[in-house]
Amino acid sequence: MPETLHLSFGFTYADLHSPSGLRRLYERWEAYFAAHDADGYAAFSQLRQQGVERHPTPSQSATLMRAAVAVEQFLLELFGIEQEHAALAEQIERERRIVQLRSDFLKRAALRHKQLDTSPANWERLQQHYAELRAAHADLGWEQNEESAFAELVHRVQRDGDRCAEQLARLEEYLLVRRAVAPETLAGWMLSWMPRKLDPTSLVEAERDELPSDDGHSTVTLWRGRHHRRRDGFALTDPRAPLRDVVGQIDYCMICHERQKDSCSTGFRNPDGSYKRNPLGVPLTGCPLDEHISQMHALKARGNSLGALVMVTINNPFCAGTGHRICNDCMKGCIFQKQEPVNIPQIETRVLTDVLNLPWGVEIYDLLTRWNPLRLERPYPLPYNGRKVLVVGMGPAGYTLALYLLNEGFGVVGIEGLKVEPLPPEWTGDRGRLPQPIHHWSSIAEPLSERIPRGFGGVSEYGITVRWDKNFLTLLQLIVQRRRTFLLLDGVRFGGTLTLEDAWERGFDHVALCVGAGRPTIISVENNLARGVRKASDFLMSLQLTGAAQQDSFANLQLRLPVIVIGGGLTGIDTATEALAYYPVQVERFYRRAWQIIEREGAAAFWGRFAGEERQIAEEFFAHGKAIAAERARAEACGEMPNFLPLLRSWGGVRLVYRKRWQDAPAYRLNHEEIEKALEEGIELVECLDPRRFLLDEHRHIRAVVFEKLSWDGSRYIGTRSFVELPARSVIIAAGTQPNITYEREYPGTFELDGQGKYWRAYELVKESAVATENGSTTEATEPAEQGAF
């Protein structure tokens, strides 16, 4: 039986889905704010009249944050979840007390104990004293969480004042000595976390090895990870940081907006207004969305989780599509340029998920994408204005543009060339009924290993790996498809199924292209089209959209080891990690199905189906699948995750090869964290090799790649005439993409080639139209007409 949503202040669920209802909700919030904080409301009203600068001043930020708390309190009362939010605030406060010890307790300890005595005798004495304190304060739950208990013990001793100064000094010395002589016992403790110093030439921890070239006179550099993380299949590989780590990152933040130094939002500027560059040449632009990051951190630290999300959604309403493992421009622009930056994406995603995990959290976030009093230009959506926009492509640019257009009062038809799986009608509603309110986020989220690819989200669906929680794509699809003036049509190719002339004939007022970067780069190598050679975009789309990684899949995606991925960008990194994860799934599935046939029909009947090359591949997959199944059985008996990496490496593994030094690779300069994660999974990186020829076997299948070693002469890379042959049964090319010129050829001069540029150009056009509509130059359609607009 679904939960029933009862709203306060006399509102109904239908009011949250109509422009007139949302306008009344805004007016009711104004009255609520004025009644509960008259001074805050007066300052907010003045700010609304004057307008906010692109990057608010400290006083403007203070006013916005005060208003964000008022929105939080109003929404908590509206949805009746005050107690649940208060419990979350208490949890944050408990974690904050622990984290604060790092900045208060440890700093003071380091000053007092500059000369540490780490001798065995002193360490034994300190351990004995610590054991006595633990016994005296056994109620703190040492076995459940030692770090929490230790922090609470310190707080108890501190409350006793000067009387316990000696005990406090011993605790300080104990923690410092423990960190020096037994650091492994503090693994995972936020109290012991210290930011790493940044060396631009060594951002990634890796072991380097040398491979001999064919001439025997030179070597090729290979990178391997120092620490490995086991992976089994396609479940979420990064479940995000626990709350304590997130609170620790917030504590690490300098809250720079109070001094207008929040470069994470604004970037670093030169005197001429241009952006500064870091030592790797990356412009330090800060967040491209001008998200109010420092303000979000300050609110979250106070326990105002919903207020923090209100602040985020001012400029980033679709924050479900950004954040952890997606973007890091804000981290690049962090004020900490010589040490590890604040992990802002991790914090942003935690702000979102903490609200989603509240009762009715999905409904609250959905509401904030269209109704936010702090979004001064458009606090609530306009009624349908009778104008229609065709948005081509439902990737990140397309669905974000659609949201802004809908809030400006436009009707939007989004078309997508891929097949998009429909969501349950009770989630989205239809033209005749409202959606069913969703009480728990967990009711629509599902394990990624079992999730059916839906096709919505473009590159976010088929390009980004399971390092990112794709349940957020389901959430974004749900939000746009709930809008009454939005229609999604899949399987429609613009320029083929639908032409520009067709769009004008069907009454569209604008067409916005959000079609992505375009076609993959074709490298000029002999035997480029041989069997076993494919493009990274083809591999990732086949893997993600066909469900090939699922155990019950019959998708025809064959991959053989060894695998070589050619490229130095993030697509190459993703391709390499997913190839390494897919191979065990593929061969184990083959082995289990083969064994079922053998048991039913006999071995002779099964192997009689194959001949020649097919027999060779079948025997290879069967043997490898049997080894994978044996390792899985061993791991289950030991109660641990299987360790497939030694097997995969013995069969050739996966290598990512780049023609330059890895320090010059786009992935290193822009996303070095992803290189670290890939090395943890067992990927090997090879640098300064340029592909020259693909060698084939007797079946015309790839068997090896011949590379020429390149050398850096201080200004450019030059060939050395030294060659190396690397074995490969699969080669995947991730050499970047070319601009999408299809539409420019069909309609010269009509469109910009840059999808993102077209996005903003289209938005400026509709903004002008929205202003005209508001000024009365266009007759607004009445609200009931929205339901039949499409």
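Along each chain, residue indices are assigned from 1 in the same order as the chain's sequence is written. Two thresholds apply to this predicted model, a pLDDT of at least 70 for residue-level local features and 80 or more for giving and counting side-chain atom pairs, whereas whole-chain, interface and lining totals are computed over all residues. Neither water nor hydrogens contribute to the side-chain values; these are computed over all heavy atoms in the structure.

Visitor: Describe in detail the overall build of the protein chain, supporting the description with residues and values.
Guide: Only runs of H or I of at least four residues qualify as helices and only runs of E of at least two qualify as strands under DSSP, and these elements are numbered from the N terminus. For the protein chain, the helix and strand inventory stands at 29 helices and 14 strands. Only C-alpha atoms enter the radius of gyration, while the globule expectation follows 2.2 Å times N to the 0.38, with N the number of residues. A compact globule built from 790 residues should have a C-alpha radius of gyration of about 28 Å, and the protein chain, at 29 Å, falls within 12% of that. C-alpha atoms of the protein chain, sized along the principal axes, occupy 85 × 80 × 65 Å. Counting across all 790 residues of the protein chain, residues that qualify as buried make up 55%. For the protein chain, the proportion of contacts with a sequence separation of at least 24, taken over those separated by at least 6, is 73%. Accessible areas in this description were obtained via Shrake-Rupley with a 1.4 Å probe; residue shielding takes into account the shown protein chains only. If you sum the accessible surface of the protein chain, you get close to 34,400 Å²; carbon and sulfur atoms cover 50% of it. When charges are counted, neither His nor the chain ends are considered; positive counts come from Lys and Arg and negative counts from Asp and Glu. Where a charge lies is defined by one atom per residue type: Lys uses NZ, Arg uses CZ, Asp uses CG and Glu uses CD. Taken together, the 93 basic and 105 acidic charged side chains of the protein chain have centroids lying 3 Å from each other. Note on exposure labels: buried denotes an accessible area under 20% of the residue type's maximum, exposed denotes more than 50%, and partly exposed covers the range between, all computed with a 1.4 Å probe on protein chains only. Whether two residues are in contact is decided by their heavy atoms, any of which lying within 4.5 Å being enough.

Visitor: Please set out the confidence of the model for the protein chain residue by residue, giving values where relevant.
Guide: On average, residues of the protein chain score 89 in pLDDT, and 92% of them reach the 70 mark or higher. For every residue, the predictor states its confidence as a pLDDT score lying anywhere from 0 to 100. Below pLDDT 50 for its whole length, residues 741-790 participates in 91 contacts with residues either more than four positions away or in separate chains.

Visitor: Break down the environment of Asp 160 for me, with residues and values.
Guide: Mapped onto the elements, Asp 160 comes out in the loop between α7 (146-159) and α8 (165-181). We classify Asp 160 as partly exposed; its relative accessible area is 36%. On a C-alpha basis, the gap between Asp 160 and Ala 121 in space is 29 Å, while along the polypeptide they are 39 residues apart.

Visitor: Can you lay out the packing of helix α3 (residues 58-79) against helix α12 (residues 305-312) for me, pointing to particular residues and giving the numbers?
Guide: To obtain each axis, a line is fitted to C-alpha atoms, and for helices this fit is confined to the stretch in contact; angles are then taken between N-to-C directions over 0 to 180 degrees. For the pair α3 and α12, interaxial distance at closest approach is 8 Å and the crossing angle is 120 degrees. Considering the angle they form, α3 stands oblique to α12. Crossing hand, α3 versus α12: right-handed. Counted together, Leu 64, Met 65, Ala 68, Val 71, Glu 72, Leu 75 and Leu 76 of α3 and Ser 305, Leu 306, Gly 307, Val 310 and Met 311 of α12 form the full contact between these two elements. Per-class residue counts for the contact of α3 with α12 are 9 nonpolar, 2 polar and 1 charged. Put simply, angles under 35 degrees are roughly parallel, angles over 145 are roughly antiparallel, angles from 65 to 115 are roughly perpendicular, and the rest are oblique. Note on convention: near helix rotated counterclockwise from far helix by under a right angle means a left-handed crossing. Clockwise means right-handed. Amino acids outside the nonpolar list (Ala, Val, Leu, Ile, Met, Phe, Trp, Tyr, Cys, Pro) and the charged list (Asp, Glu, Lys, Arg) are all regarded as polar, and Gly is one of them.

Visitor: Could you give an account of helix α22 (residues 570-601), with specific residues and numbers?
Guide: Here, expected helix span is obtained from the residue count minus one, scaled by 1.5 Å. The terminal C-alpha atoms of α22, which comprises 32 residues, lie 46 Å apart, in line with the 46 Å expected from a rise of 1.5 Å per residue. We define the bend at any residue as the angle between the axes fitted to the seven residues before and including it, ending there, and the seven starting there. Tyr 582 marks where α22 bends most, by close to 25 degrees; the proline Pro 584 follows one to four residues later. Gly 602 occupies a position one or two residues after α22 and carries a positive phi of about 100 degrees.

Visitor: How would you summarise the packing of helix α11 (residues 293-301) against α12 if you had to cite specific residues and measurements?
Guide: The interhelical angle for the contact between α11 and α12, taken along N-to-C directions, is 170 degrees, at an axis separation of 7 Å. The angle between α11 and α12 places the two elements in the roughly antiparallel class. The segment α11 lies against α12, with Gln 295, Met 296, Leu 299 and Lys 300 engaging Ser 305, Gly 307, Ala 308, Met 311 and Val 312. Classifying every residue of the contact of α11 with α12 by side-chain character gives 5 nonpolar, 3 polar and 1 charged.

Visitor: So what's going on with the packing of aromatic side chains? Residues and values would help.
Guide: Note on aromatic pairs: each is described by the distance of the centres and the angle between the planes. Aromatic pairing here means that ring centres of Phe, Tyr or Trp (its six-membered ring) are within 6.5 Å. Orientation follows from the plane angle: under 30 degrees is stacked, over 60 is edge-to-face, and everything else is tilted. On inspection of all chains with the given rule, the structure shows 33 aromatic pairs. With a centroid separation of 6.2 Å and 50 degrees between ring planes, the pair formed by Trp 468 and Phe 472 is classed as tilted. For Trp 468, a relative accessible area of 2% gives the class buried. Look at Phe 472 and you get buried, because its relative accessible area is 2%. An aromatic cluster of at least three residues, connected via ring pairs, comprises Tyr 583, Phe 590, Tyr 591, Trp 595, Phe 606, Trp 607, Phe 610, Phe 621, Phe 622 and Trp 651. The rule is short: NZ of Lys or CZ of Arg within 6 Å of the ring centre and within 35 degrees of the ring normal puts a charge over the ring. A cation over a ring is seen here: Arg 269 above Tyr 275, with NZ or CZ 3.9 Å from the ring centre.

Visitor: Pulling in residues and values, what's your account of the sheet that holds strand β13 (residues 717-727)?
Guide: Should DSSP find at least two bridges between two strands, the strands are taken to pair. The strand order across the open sheet built from 3 strands is β11-β12-β13, with neighbouring strands paired in antiparallel fashion. Strand pairing shows two members of the sheet lacking a second neighbour, β11 (689-696) and β13, which therefore form its edges. Taken pair by pair, the neighbouring strands of this sheet meet at an average axis angle of 25 degrees, ignoring direction. In the sheet, strand β12 (residues 702-712) pairs with β13 via 8 bridges, with the strands oriented antiparallel. When the sheet's bridge partners are listed, Leu 710 is paired in β13 with Gly 719.

Visitor: How would you summarise the sheet that holds strand β4 (residues 411-416) if you had to cite specific residues and measurements?
Guide: The 4 strands are arranged β5-β4-β3-β6 in an open sheet whose pairing can be described as parallel. The sheet terminates laterally at β5 (486-490) and β6 (510-513), the two strands that pair on one side only. Strand-to-strand twist of the sheet, defined as the mean angle between neighbouring strand axes without regard to direction, takes the value 20 degrees. In this structure, strand β3 (residues 388-392) lies alongside β4, joined through 5 bridges in parallel fashion. When the sheet's bridge partners are listed, Val 391 is paired in β4 with Gly 414.

Visitor: Tell me about the pattern of salt bridges, and please be specific about residues and values.
Guide: Between Lys or Arg on one side and Asp or Glu on the other, a salt bridge is scored when a side-chain nitrogen of the former is within 4 Å of a carboxyl oxygen of the latter. The full count for this structure, using the stated rule, is 61 salt bridges. With a shortest N-O distance of 2.8 Å, Arg 325 and Glu 674 are connected by a salt bridge. Taken together, the residues Arg 325 in the loop between α12 and α13 (329-332) and Glu 674 in helix α26 (residues 666-680) connect sequence positions 349 residues apart. The exposure classification of Arg 325 matches that of Glu 674, with both residues buried. Within the structure, one salt-bridge network assembled from shared partners comprises Asp 209, Arg 224, Arg 649, Arg 655 and Glu 684.

Visitor: So what's going on with α11? Residues and values would help.
Guide: Judged by how many residues are buried, α11 sits mostly within the fold: 8 of 9 residues are covered. Immediately beyond the C-terminal end of α11, within one or two residues, lies Gly 303, with a positive phi of roughly 95 degrees.

Visitor: Residue-level account of the side chain of Ser 730, with values.
Guide: Mapped onto the elements, Ser 730 comes out in strand β14 (residues 730-733). With sequence-adjacent residues up to four places away left out, Ser 730 is seen in contact with Gly 532, Leu 559, Arg 560, Pro 562, Val 563, Ile 564 and Ile 702.

Visitor: Let's hear about the pairing of β4: which residues, and what values?
Guide: Among the 6 residues in β4, 6 count as buried, and that is most of the element. The alternating pattern of β4 places Gly 411, Val 413 and Ile 415 on one face and Val 412, Gly 414 and Glu 416 on the opposite face, and all of these are buried. In the sheet, β4 pairs with β5 via 5 bridges, with the strands oriented parallel. Directly across from Glu 416, in β5, lies its bridge partner Asp 490.

Visitor: Before we move on, can you summarise the environment of His 324 with the specific residues and values?
Guide: In this fold, His 324 is placed in the loop between α12 and α13. A relative accessible area of 9% places His 324 in the buried class. Considered as a pair, His 324 and Gly 568 are 244 residues apart in the sequence and their alpha carbons are 21 Å apart. Setting aside residues no more than four positions away along its own chain, His 324 makes contact with Asp 238, Arg 240, Pro 345, Gln 346, Thr 349 and Trp 468. A distance of 2.9 Å separates the side chain of His 324 from the side chain of Asp 238, its partner in a polar contact. Counting of polar contacts relies on pairs of N or O atoms within 3.5 Å, with two restrictions inside protein: one atom must be capable of donating a hydrogen and the other of accepting it, and residues adjacent in sequence are counted only when both atoms are side-chain atoms.

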